[in-house]
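Architecture and fold: a report
The primary structure of each chain is shown beneath.
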Amino acid sequence: MFGFIAKQLYIRGFKKGVREGYKRGKIFGSEKFVKSNSKLLGKYLDFYNKVFNFTIKTNKASFEKYNPPSHLANNSILSRGCLYVIGERAVILHRSVFSLCEDGWVSVTPVILRSLLECFTNSVAIVNKDSEYMAFKYYAHDFLNSLLDQDFDNYTKEFNTKQIDFQLQRLNQQDRDRAEKYKSEFMKNGKPRNYWYKPEYESVGDIFKVCNDKDSEWYKVYKNLSMSIHSSFIGSNIFKDQPDKKDINPREDLESTMLALVSSSRSLLEITNVRQQFEKLNLDSEVNQLIAELLTLNESNKIITPNL
């Protein structure tokens, strides 16, 4: 009897999950899960790629408008730099969502989608008001925290101090005076801080309010995704078509895959739109076209995403 049980465990579990391992792009022997389900997932992948391509186009437009020898090269230099860094991060997260969906790990994507929303709120907090000063706070936050952390050696602290001072020199005099005061108060307080955007915004919810999100739909999504970050009982099971089914192997979660692809695309579109509007890149018509396509996807398949 025990021999039979051991054999069945091997066949049904270890053979697929541990001993034999698992080849990337395969779910239960089905190669390239998303692409092989083109009838159901093709339009979501198409929209996913369109948003990605729009983000690349936005980055090129920014380069052509602002990089030397452009006379605009020194305009909003800190805030544009931060938006560039955030944009890079957002694209990497967006592309990783597809990799997870392709390989049958869509239930992990809420963790990535939550990080994408952090990219969005950081972007909004920077550009909404006093963008260069807020960009300095965003940039300097981790460096300032390190100066108060005993785990960092003197060499690292000296390097981080130089990074902060370099960014200070790039500000105009008014913003520099304000940033110097912020730095001084930060160090005088003597305690690391968790949130770079305080006191201008008390919480992430306050940042979402800037977006005229009257019903706080985005904030509700943010809180739901946060459950996945913390691996709560419910959070560990969202983005599973059958939450009660326990399986450590790749899963075919078609509906959740649709939701993951469109949610990632929607978030990246918003992050990119913040940048293109702030930098006045004149790409509003393309944004509107993509939003119209998104609404078509929502209506035809009842995929619900927040509207800003």
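Residues numbered from 1 in each chain as written. Predicted model: local features only at pLDDT ≥ 70, side-chain atom pairs only at ≥ 80, totals over all residues. Heavy atoms only, no water.

Taken as a whole, this structure holds 12 aromatic pairs when the rule is applied. With a centroid separation of 5.8 Å and 65 degrees between ring planes, the pair formed by Phe208 and Tyr222 is classed as edge-to-face. Within this pair, whereas Phe208 is found in helix α9 (residues 204–209), its partner Tyr222 is found in helix α10 (residues 217–229), the two being separated by 14 residues in sequence. Judged by centre distance (6.2 Å) and plane angle (20 degrees), the ring pair of Tyr219 and Tyr222 falls under stacked. You can see Tyr219 and its partner Tyr222 sitting in helix α10, three residues apart, about one turn around the helix. Take Tyr219: its relative accessible area is 26%, and that puts it in the partly exposed class. Among the residues examined, Tyr222 registers a relative accessible area of 8% and is labelled buried. One aromatic cluster in this structure is built from Phe120, Phe208, Trp218, Tyr219 and Tyr222. When the ring centre of Tyr133 is taken as origin, the NZ or CZ atom of Arg178, which lies over that ring, is 3.8 Å away. (Phe/Tyr/Trp six-rings, centres within 6.5 Å; stacked < 30°, edge-to-face > 60°. Helix = DSSP H or I, 4+ residues; strand = E, 2+ residues; numbered from the N terminus. Buried < 20%, exposed > 50% of the residue type's maximum accessible area, 1.4 Å probe, protein only. Lys NZ or Arg CZ within 6 Å of the ring centre and 35° of its normal.)

Counted by the stated rule, this structure contains 13 salt bridges. Across the pair Arg178 and Asp130 runs a salt bridge whose closest N-O atoms are separated by 2.9 Å. Of this pair, Arg178 sits in helix α8 (residues 173–189) while Asp130 is found in the loop between α5 (109–127) and α6 (131–147), placing the two residues 48 residues apart along the sequence. Here Arg266 makes a salt bridge to Glu270, at a shortest N to O gap of 2.5 Å. A residue pair is termed a helical-turn pair when its members lie 3 or 4 positions apart in one helix, as Arg266 and Glu270 do in helix α11 (residues 254–278) at four residues. Looking at Arg266, the relative accessible area reads 2%, which means it is buried. A relative accessible area of 8% places Glu270 in the buried class. Residues joined by salt bridges that share partners form a network here, namely Asp130, Lys137, Arg178 and Glu200. (Salt bridge = Lys/Arg side-chain N within 4 Å of Asp/Glu carboxyl O.)

On to the environment of Ser146. If you trace the backbone, Ser146 turns up in helix α6. With 10 residues separating them in the primary sequence, Ser146 and Thr156 have C-alpha atoms 8.4 Å apart. Ser146 has contacts with Phe152, Lys157 and Asn160, leaving out every residue within four places of it along the chain. Within the structure, Ser146 has its side chain in polar contact with the backbone oxygen of Phe143 (distance 2.6 Å). (Contact = heavy atoms within 4.5 Å. Polar contact = N/O pair within 3.5 Å; in protein donor to acceptor, adjacent residues only side chain to side chain.)

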